[in-house]
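What the coordinates show
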Amino acid sequence: QEWGYLVEKGSIKDEFSPHIKYCILELLSFLESEMPDEERFQVMKKILFVAASETDEERKKHIPHAYMKIVKQLSSEEILIMNAIFNILKNKPDKIDNLKNTNKGRSNIFPDEWLNLMALESGLNHKELVVIQEQKLIDKKLISPRDQRGETILINNNFRLTSLGLGIWEYINKYDKL
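Criteria and thresholds
- Residues numbered from 1 in each chain as written.
- Predicted model: local features only at pLDDT ≥ 70, side-chain atom pairs only at ≥ 80, totals over all residues.
- Heavy atoms only, no water.
- Axes fitted to C-alpha atoms, helices over the stretch in contact; angles between N-to-C directions.
- Helix = DSSP H or I, 4+ residues; strand = E, 2+ residues; numbered from the N terminus.
- Parallel < 35°, antiparallel > 145°, perpendicular 65-115°, else oblique.
- Contact = heavy atoms within 4.5 Å.
- Nonpolar A, V, L, I, M, F, W, Y, C, P; charged D, E, K, R; others polar.
- Phe/Tyr/Trp six-rings, centres within 6.5 Å; stacked < 30°, edge-to-face > 60°.
- Buried < 20%, exposed > 50% of the residue type's maximum accessible area, 1.4 Å probe, protein only.
- Lys NZ or Arg CZ within 6 Å of the ring centre and 35° of its normal.
- Arc of directions from axis to C-beta.

Another point: the packing of helix 6 (residues 76-91) against helix 10 (residues 163-173). Axis separation between helix 6 and helix 10 bottoms out at 11 Å; the angle between their running directions is 85°. By the angle between their axes, helix 6 is roughly perpendicular relative to helix 10. Across the interface between the two elements, Ile79, Met82, Asn83, Phe86, Leu89 and Lys90 of helix 6 pack against Gly165, Leu166, Trp169, Glu170 and Asn173 of helix 10. Residue composition of the contact of helix 6 with helix 10, grouped by class: six nonpolar, three polar and two charged.

In structure tokens form, the structure reads like this:
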């Protein structure tokens, strides 16, 4: 129903390039193979719809399929944390400044401060739930690691998002403009 509406509106094309077919197959295999959760389904659907809205030149790229495969591996909690990081980065820069001010304006902050903010902003409510997911996001190269001793977190220009993490979430957020 949503696909038909966006085709009618002219936001997406009702044609399937090979890369869009791969995205559709990833989404279908996700729906068939496991207990689909709403967060992952919504993000995967957004990737598919954004891919379908792209120009012919953009549609030849493998990026949407690569993003789809990564998102398919994320848990709901990881998605909630990534959404929170991206939302703070794009819409609440004052929260980043407040974190830096807790450590005298330095870019390195104590992990508990970041964890507490992520617990609050993601809706997970417990920093321990964020800790469980943090290393998984680091291992997937979506957020930057802590320092070598694990004592501080560097708040970079992307609020811990790596270029891959930022790229995926910027791509997903193109959906809102369709």
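We now examine the packing of aromatic side chains. Enumeration according to the criterion identifies two aromatic pairs in this entry. With a centroid separation of 6.1 Å and an interplanar angle of 45°, the aromatic rings of Phe49 and Tyr175 are classed as tilted. Here Phe49 is found in helix 3 (residues 38-53), whereas its partner Tyr175 is found in the segment after helix 10, with 126 residues between them in sequence. Side by side, Phe49 and Tyr175 carry an identical accessibility label, which is buried. Seen in terms of ring centroids, Tyr67 and Tyr171 are 5.5 Å apart; in terms of plane orientation they differ by 75°. Their pairing is edge-to-face. Remark: Tyr171 occurs in helix 10 and Tyr67 occurs in helix 5 (residues 63-72); sequence separation between them is 104 residues. Per residue, the accessibility class of Tyr67 equals that of Tyr171, and both read buried. The ring of Trp114 is capped by Arg160, whose NZ or CZ atom sits 4.4 Å from the centre of that ring.

Take helix 5 next. For helix 5, every residue scored as buried is listed here: Pro64, His65, Tyr67, Met68, Val71 and Lys72. Taken end-on, helix 5 shows its buried residues confined to a sector of 160°, consistent with a single buried face.

In the Ramachandran plot, Lys141 falls in the positive-phi region, its phi being about 65° despite a non-glycine side chain. Mapping Lys141 onto the fold places it in the loop between helix 9 (127-139) and strand 2 (153-154). Although it is not a glycine, Arg160 adopts a positive phi angle of roughly 85°. With relative accessibility at 0%, the residue Arg160 sits in the buried group.

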